[in-house]
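Listed below, chain by chain, are the residues.
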Amino acid sequence: MKKGSIAIAVQWLLLVCLVVSTIAKTGSGTAATGNRDFPADTKLDKWDGSAGQTYLQQLIIQSGGLGIGLGFLFSIFMFFHLMCWGMCSPCCRCCCFRYKKVKLQSCWDNQDNYKWFLLASLLIFLISIAGVGIIFGNQSHLYEDIGQTFDHAKEFIGDWADFQCAGLIVDDFRSGKSLSDVQDQYGGTAGAIAKCSVTSVGGFLHGANTQVNTTFQTIINLIDGMQNIINSLNNTIDKVENTTSIATAINATVYLMKNQSELINSTLVDTLATSSNFSAYLPRPADIPKVESQDTYIPGQAVNSLAEAKNELVNARQGISPTIVDDLLLKTKPEIQSQWGSIYRSLLDIESQMLKHVNQALSKEDNIDSTKSSTTSSETYGELAMALLYSLSCVFLLTMIIGYLCKKRWPICLGGYLIFFTFLWLAFILGIFLVLSMISYDICGCEGTYSVESCQTLITMLRTNLGSTEVKVRDDKVLVADIVQQILECPNRVNDQGIYDYSPDSNFIDIMQVLGAFNFSKEVQKPIIQLNNATSSLYVSRYVDQVLNQTGNARNAMALVAVATAYNFSSDYNQYNDLLTGLRGLNPAQYYSGVYNPVTNQQNIDRLSGILKPSNEEMEANRDSLNEHKRNYNISIDQINVAANAINAAVENSRRDIGNSVNEIYNMVNYILTVNRYTPCAIIGKAYKNIWITDFCDNVYETLDGVVPGAILCLAAMLTGFFLLIMMRDCVRIIQEDWREDQNDIRMGIVSADGKKQNFAFSQDNAVSGQVANAGPSSPQVRIDATRVPTKSPDHYGKAQPVAVVASHDTDFHPAGYGIVC
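If you're wondering where the values come from, they're calculated on a predicted model, not measured in any experiment. One numbering rule holds for all chains: residues counted from 1, following each sequence as written. Reporting of local features is limited, given that this is a predicted model, to residues whose pLDDT is at least 70; pairs of side-chain atoms are given and counted only at 80 or more, and all residues count toward the totals for whole chains, interfaces and linings. In computing side-chain properties, one takes all heavy atoms of the structure into account and sets aside hydrogens as well as water.

K.L.:
How would you summarise the state of the cysteines if you had to cite specific residues and measurements?
P.N.:
In what follows, a disulfide is any cysteine sulfur pair within 2.5 Å. Under the defined criterion, the tally for this structure stands at 4 disulfides. One disulfide bridge connects C446 with C455, the sulfur atoms lying 1.8 Å from each other. Given an S-S torsion of about 115 degrees, the disulfide between C446 and C455 has right-handed geometry. For the pair shown, C446 and C455 are each scored as buried. Each disulfide pairs two cysteine sulfurs, and for C490 the partner residue is C681, the sulfurs being separated by 2.0 Å. Looking along the S-S bond of the C490-C681 disulfide, the torsion reads about 85 degrees, which is the right-handed sense. One end of the pair, C490, is in the loop between α15 (480-488) and α16 (508-512); the other, C681, is in the loop between α20 (598-672) and α21 (682-748), and 191 residues separate them in sequence. C714 provides the cysteine sulfur closest to C394, a residue in no disulfide bond, and the two sulfurs are 5.6 Å apart. With a relative accessible area of 9%, C394 lands in the buried category. Think of it in three bands: with a 1.4 Å probe and only protein chains considered, a residue is buried below 20% of the maximum accessible area for its type, exposed above 50%, and partly exposed in between. Overall, the relative accessible area of 0% leaves C714 in the buried class. The secondary structure listing takes helices from DSSP runs of H or I that are at least 4 residues long and strands from runs of E that are at least 2 residues long, numbered from the N terminus.

Structural data, given as structure tokens:
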């Protein structure tokens, strides 16, 4: 084959690839080549009407009957082609397709025609490879697009969850906790909402909870604070009684210490009398702590002062109780609680539903991950599936071409049959991809520009199918179809810190025009009036002053009680113990100044072990108990004073708190009206752009539509290759028959140097020896060289290998050459 022919073939192949790649990369693609009436303004449940049927008919027509129509039509042509060229049965060949007539056609004897046949076959094969390459190139990013779609869906779920309640709640739900688990963990719905980020809707709702609770709690605290004044008075009276009990305990402890002091003193005197040497081992009786008379009667005076303080507190309670209980507690507080509960329940309902939606949304993340994992698990072979499927065209064509090159008819037959039986199915697959790409193209209506603004058909379809769907916010109703386009086109407005920068066109509340549903001004008017009217006179200062005076007297009196405050009882105990050890030792006589008497020694041992040591310990313990009682007494006095002052301050602050509470109510109402600054709608626009515009309208469409050009090339190559190579089967048959005829002529000895037949004698198969005799005198004497007789099989017959005949005469002999490549 000449180099010029190869160059021409390459040029044509490059031209075909350029055209196909241009088609595949156009902004519209093959799906845009026809006009279709997509019923975007017809609801999906009405597509069984004329509009839907018209569109369905257009899809079927423009896709060649889902590929089946065209595939079946071409299959008929292919079937008749098989019949005409004898692939079904020789008897099917008729007219000009009869083998004898075909064999006589001059085109079979022209070497250039064979060359062009082969060149066309190779070009067709390369076109099929180009088609497979286009399909593979298109499908190579299929799983990346699929993964991106799952990522976008998961990203939207995360954005939607963060929009509602970013922070710990999202993390808890993702960790597998249920809604009830989260509510239990954080103390209910309000506690869970408190964990939401301040920039999310949950953060606003928590702020609203705080405002509502703070405002109404302030009012309740005002009322309960006044009620707590009564409770505080009761508690303070109890503290006075408790302090009185402590003073009584102090008095009892003083008398115990008095008795113990006297017992230790008398016992020491008796013990020292038995030996003058004991003075070196025992404390002096005069050093033992004594209880003075004032220590015994002063606690009684303190008790009297405390009784006076208690009386003053009781009088204060009786003076303010009717105002606090009757006016505020029984009348104003129930009304405040009613309004508080109404507003708070509304917020809790919203919060509970929001947490439920967040939990449900986040529960889909695992499903998305598992679905993505299972879907992309076939990536290794999935991206090759379509290319491998259409690569059958290359395999079948190559089988036929190899059969032709090897001069074997059965590969040509096998490839032709396989093409015939698979063509329809591959056409059907092409039709499916073509129809799906048309539907994707028509639904979006982007016309090659993939943006929210350009893909208006999809928005129209959404508005049509939403119909009269409404969203209710308290008493306000919103028609979704009227706002869907604004929400889908919602701009993303954030400041330098990434925080939402408010604008009326970028949040749900203003777009839906439902801000009025969050105005609670009317609900709070009645409590405000009641609070302003609750101005009863509340004074307890005179009573509190008397209480403070009496507790001061009680404290000062008790301060005079002091028994053995710094006395070292441990030193006395050690002296008693050391002497007791000596008297119990081997030489107790050394401790006595006179004659040693065992009876006296035993009496002293009993005094030390039975009286002095225990009494010393008990007196020390009572001294410590006395000090502890005095410390508690002083603490209790301080608590009484603090409580009394707190009661006075509470009463004084109550009047001031009424005005502050009214202002808090107004602040609460104003805060709730800032809800539109926490509801940016950009997440919807972002998800719509990512999932619908990018993933569906762009990626899905390009994936479907990108298969079509490559598949068309493969089918076209199959079709043209089928028709061409089936005919070339006869070429192989002709070559085989010609070879057999030539072999037969040689065997019969019909060879002539001047074109006349001669008789030869063969000495071996395919070999000639001997002389050739001619009747004429000028007949050349020809010697046949056996080694130059053509002995090649038809497999190599096509390679130009002429029979060389060496003549013994001067005249050269050149028989016709064999082996032209078909």
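K.L.:
Give me the lowdown on the pattern of salt bridges, citing residues and values where you can.
P.N.:
Salt bridges are counted wherever a side-chain nitrogen of Lys or Arg sits within 4 Å of a carboxyl oxygen of Asp or Glu. Taken as a whole, this structure holds 13 salt bridges when the rule is applied. With a shortest N-O distance of 1.9 Å, D638 and R555 are connected by a salt bridge. Separated by 83 residues along the polypeptide, D638 in helix α20 and R555 in helix α18 (residues 541-558) bring together distant segments of the chain. A relative accessible area of 25% places R555 in the partly exposed class. Overlapping salt bridges bring together E155, D159 and K686 as one network.

K.L.:
Let's hear about the packing of helix α6 (residues 142-165) against helix α11 (residues 293-376): which residues, and what values?
P.N.:
An axis is simply a line fitted to the C-alpha atoms; with a helix, the fit covers only the stretch in contact. Between two such axes, the angle follows the N-to-C directions and lies from 0 to 180 degrees. The geometry of α6 relative to α11 is characterised by a closest axis approach of 9 Å and an angle of 165 degrees between their N-to-C directions. In terms of their interaxial angle, α6 and α11 are classed as roughly antiparallel. Crossing of α6 against α11: the hand is left-handed. We call Asp, Glu, Lys and Arg charged. Ala, Val, Leu, Ile, Met, Phe, Trp, Tyr, Cys and Pro are nonpolar, and the rest, Gly among them, are polar. Its residues assigned to classes, the contact of α6 with α11 shows 14 nonpolar, 7 polar and 6 charged. When an angle is under 35 degrees it counts as roughly parallel; over 145 it counts as roughly antiparallel; between 65 and 115 it counts as roughly perpendicular; any other value is oblique. Handedness of a crossing follows from how the near helix is turned relative to the far one, being left-handed for an anticlockwise turn of less than a right angle and right-handed for a clockwise one.

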